[in-house]
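Single-letter residue listing:
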Amino acid sequence: MASPVIPRVIIGVDLDYFYAQCEEVRNPSIRGKPVVICVYSGRTEESGAVSTSNYPARKLGVKSGIPIILAKRILANYPESVFLPIDLDYYRIVSDRIMEMIRPIGDKFEQASVDEAYLDVSLKSHGSFDGALDIASRIKQEILANEKMTCSVGIGQNKLMAKMAVDSKKPNGLTVIPPGQESLFLSQLPLGRLYGIGPKTEDKLRSIGISTIGELALADRENLSDLFGKKQGPMLKEMANGVDESLVVERPIEQMSRIVTLKHDALIYDFSEVLKPISIDLAEKLASSHLMCKSVSIIAITSDLKIRSRSKSLGEATKSADQIYTVAGELFSSFFKVQGDPKQNEPRLRRVGIKISDFVSVPPAKTETLEDFI
DNA sequence: AATACCGGCGAGT
DNA sequence: TCATACTCGCCGGTATT
């Protein structure tokens, strides 16, 4: 006997063009000008990629992921344009303040990323979408009043629909997808706009004759399972029907990673210079989160931009920068070993990094000592 | 048979 | 043309128990 599904009311919040808006708040004189947040790789003066940009910049074609050099060319005729280096620590502080502010507004809270959150307001809205609309307005007001920042908000009966509502009107949007309207709302959108369908998935779906969300909603489960796997396949169909049973839950940190771009692509490289500060960084982050890790991975991006990884699960949890560094070093050695003879056309390494995962929490009683970091 | 581990892929910010 | 730094989830294959 299936338990009856209790209707839910979910609010999704997305801070508009977050990094760039943080910079606008920090320095209001740049408001209205194209603002580009840059991740400089340090290879050459202008090498690197655009992390994000504000709407005036986007309108001119400067979007996430494009090379900085290209953004500068596009904005060459707009000398008022502002190019700023990314300042993740600052954005994190602003994000934390906002998240703590809105966390108590719902019954349940989930931070989905630095600039996104979901609130389950089923109880506080008394199950009413009109009630949820009032709560959503209040969220927008509070963020504006306290942080001078706009956000986009969406209301739906699950996280997926809340997210689709948020995405449908940005920036400064407030959108409701009333219960029962899910399929109608989704059917008006192109396939690639469904959350979770990127270019690869869209291509694959088109190859089997599915080119609209409406068609996906009616697709054959077996067919989708064969193509996308037995979990992801059926889920695609569910999503196209506006169905999402996932709960709003506090999400523990599952992994931390640090990655850097090398000055020059390398075939074999002495990574100690690069790996040491990364290990210390990660160990500090572990300590401040009161965690230890049981897995260490290395990440390598080759010059052909493919991502490779090697990982090792530790017997015992660690919080030592030194051990993270040592294991990462071993993983890099084994990585190079299996690559075999350094052939002429062997892809070189462009970016290298470390990821730690499989966390266990440290009882907060014990105080950290200096040796723990070394 | 169930679980853990591993390396890769895709998506999103 | 040039192509960051993260985080999360899933997949299939293999190893372990």
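Caption draft 1: Quick peek at the layout of surface pockets. Estimated volume of the largest pocket: approximately 2,100 Å³. Along the walls of the largest pocket sit 48 residues, with L88, R92, S257, R258 and K285 positioned nearest its centre. Contributing elements (two or more residues each) for the lining of the largest pocket: β2 (35–40), β3 (48–53), α4 (88–102), β5 (108–113), β9 (255–266), α12 (272–288) and β12 (349–361). Top contributing element to the lining of the largest pocket by residue count: β9, with 7 residues. Its residues placed into classes, the lining of the largest pocket shows 21 nonpolar, 13 polar and 14 charged. Estimated volume of the second largest pocket: approximately 490 Å³.

Caption draft 2: Inspection of helix α6 (residues 159–168) at higher detail. For α6, the buried fraction is high: 8 of the 10 residues fall into the buried class. Capping of α6 at its N-terminal end is provided by N158; its side-chain oxygen lies 3.1 Å from the backbone amide nitrogen of L160.

Caption draft 3: The arrangement of the sheet that holds β12 in detail. Here we have 4 strands laid out as an open sheet, ordered β9-β12-β10-β11, and antiparallel in their pairing. If you trace the sheet from one side to the other, it starts and ends with β9 and β11 (307–318), each paired once. Taken pair by pair, the neighbouring strands of this sheet meet at an average axis angle of 15°, ignoring direction. Packed onto the sheet, α12 meets β9, β10 (291–302), β11 and β12 and runs at close to 165° relative to β9.

Rules of the game
Residues numbered from 1 in each chain as written. Chains lettered and ligands numbered in written order. Predicted model: local features only at pLDDT ≥ 70, side-chain atom pairs only at ≥ 80, totals over all residues. Heavy atoms only, no water. 1 Å grid on protein atoms, 1.4 Å probe; cavity = no way out; pocket = protein on both sides within 12 Å on 5 of 7 lines; lining within 4 Å. Points joined across faces, edges and corners; volume = space filled by probe spheres on them. Helix = DSSP H or I, 4+ residues; strand = E, 2+ residues; numbered from the N terminus. Nonpolar A, V, L, I, M, F, W, Y, C, P; charged D, E, K, R; others polar. Buried < 20%, exposed > 50% of the residue type's maximum accessible area, 1.4 Å probe, protein only. Polar contact = N/O pair within 3.5 Å; in protein donor to acceptor, adjacent residues only side chain to side chain. Pairing = 2+ DSSP bridges. Axes fitted to C-alpha atoms, helices over the stretch in contact; angles between N-to-C directions. Contact = heavy atoms within 4.5 Å.

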